[in-house]
Amino acid sequence: MAKKNMLIAILIISIITLPLSACSLWGINIPGRFIESDEDVANAKMDKVLAAIKNKDKDSLKLLFSKKAVAESKNLEASVAKLFEFFKGKYISYNDWGGPGVEDTSSGWKRIDSTYDVKTSKGKYRFAIRTMANDPGNEDNIGIYSLYIIKMEDDPYKDYAYWGDGEWTPGINFNKQGPKRD
């Protein structure tokens, strides 16, 4: 009788756990469907930047920046117009250098630094973006704080990820170079 109860218990446990483990057997990550990775967040932001550039949509691009960045940048309006002139060709693809650098705290504050090489029909560009992904203490901080762009041919450190000048100046920054960084 004990063996029969044990067999029933094993059968019930198997029936309950099979649907939960079956998802991972076929490569489906159910929890991951509900929680975005830092890389997904950074790449989604980059996709929005590229869409705004493609459409020359000043308002959409400015809305990606945090209120703090807009207030602290020297002239975001002029920088947006300059970006549309600077970036030439139709977007083809980008390389995200394997994911972003993330700094977060137990209070929920999270900053994401990401770097991209972007290929267009007329050239290659490098971007570095600092985004405040979460700041429970100040919603005005959420969004892009700093965006750097340089033509690939103007960057002497092509074999390394591009991080601008490392100063993370608010707004859009052009042709800034800093020390070589992996």
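Quick summary incoming for the structure in this document. For every chain, the first residue of its written sequence is number 1, and the numbers climb from 1 along that sequence. Given that the model is predicted, a residue must reach a pLDDT of at least 70 before its local features are reported, and side-chain atom pairs must reach 80 or more before they are shown or counted; all residues, however, enter totals for whole chains, interfaces and linings. For side-chain calculations, the full set of non-hydrogen atoms in the structure is used, while hydrogens and water are omitted.

Here's the deal with the pattern of salt bridges
Only one rule defines a salt bridge in this text: a Lys or Arg side-chain nitrogen within 4 Å of an Asp or Glu carboxyl oxygen. As enumerated under the stated definition, the model contains eight salt bridges in all. Arg111 serves as the salt-bridge partner of Glu103, at 2.5 Å between the closest nitrogen and oxygen. For the exposure calls, accessible area comes from a 1.4 Å probe over protein chains only, and a residue counts as buried if that area is under 20% of its type's maximum, exposed if over 50%, partly exposed in between. Since its relative accessible area comes to 38%, Glu103 is described here as partly exposed. Its relative accessible area of 18% is what places Arg111 among the buried residues. Ionic contacts of the salt-bridge type, sharing partners, join the residues Glu103, Arg111, Asp113 and Arg130 into one network.

Quick look at the environment of Gln177
Relative to the helices and strands, Gln177 resides in the segment after strand 6 (171-174). A contact between two residues is defined here by any heavy atoms of the two lying within 4.5 Å. Excluding anything up to four places from it in sequence, Gln177 contacts Ile150, Asp154, Asp155, Pro156, Gly164 and Asp165. The definition of a polar contact used here is a pair of N or O atoms within 3.5 Å, where within protein one atom must be able to donate a hydrogen and the other to accept one, and adjacent residues in sequence count solely through side-chain atom pairs. Here Asp154 takes part through its backbone oxygen, which lies 2.7 Å from a polar atom of the side chain of Gln177. Put simply, DSSP H or I for four residues or longer makes a helix, DSSP E for two residues or longer makes a strand, and each gets a number counted from the N terminus.

Some details on the packing of aromatic side chains
Stacked, edge-to-face and tilted labels apply to pairs of Phe, Tyr and Trp rings (six-membered ring for Trp) whose centres lie within 6.5 Å, assigned for plane angles under 30 degrees, over 60, and everything in between, in that order. Applying the stated rule across the entire model yields eight aromatic pairs. Seen from their ring centres, Trp163 and Trp168 are 6.3 Å apart, and the 70° between their planes marks the pair as edge-to-face. Just as Trp163 is buried, Trp168 falls in that class too. Cluster of aromatic residues (ring-pair linked, three or more members): Phe86, Phe87, Tyr125, Phe127 and Phe174. A cation over a ring is seen here: Lys151 above Phe86, with NZ or CZ 5.5 Å from the ring centre. By definition, being over a ring means that NZ of Lys or CZ of Arg is both within 6 Å of the ring centre and within 35 degrees of the ring normal.

Re the layout of surface pockets
A pocket, in this scheme, is an open set of points on a 1 Å grid over the protein atoms alone with protein on both sides within 12 Å along at least 5 of 7 lines, while a cavity is a set where a 1.4 Å probe fits but cannot get out; residues line either one if an atom lies within 4 Å of a point. Grid points are joined across faces, edges and corners, and a volume is the space filled by probe spheres set on the points. Counted as a void, the largest pocket has a volume near 210 Å³. Leu50, Ile53, Lys54, Lys56, Phe84, Phe87, Lys88, Gly89, Lys90 and Tyr91 together form the lining of the largest pocket. The leading source of residues in the lining of the largest pocket is helix 3 (residues 38-55), at three residues. Here the nonpolar group is Ala, Val, Leu, Ile, Met, Phe, Trp, Tyr, Cys and Pro; Asp, Glu, Lys and Arg are the charged ones; every other residue, Gly included, is treated as polar. Looking at the lining of the largest pocket, its residues break down into five nonpolar, one polar and four charged.

Here we look at the pairing of strand 3 (residues 110-120)
Within strand 3, nine of the 11 residues are buried, leaving the element largely enclosed by the surrounding structure. Bridge count for strand 2 (residues 101-104) against strand 3 is four bridges, and the pairing is antiparallel. Considered in strand 3, the bridge of Asp104 is made with Lys110. Two strands are said to pair when DSSP picks up at least two bridges between them. Adjacent in sequence and paired antiparallel, strand 2 and strand 3 are bridged by five residues, among which Gly108 carries a positive phi angle near 105°. Bridging between strand 3 and strand 4 (residues 123-134) involves 11 bridges; their strand directions are antiparallel. Bridge pairing in strand 4 places Arg111 opposite Met132. In sequence, strand 3 turns back onto strand 4 through a hairpin of two residues.

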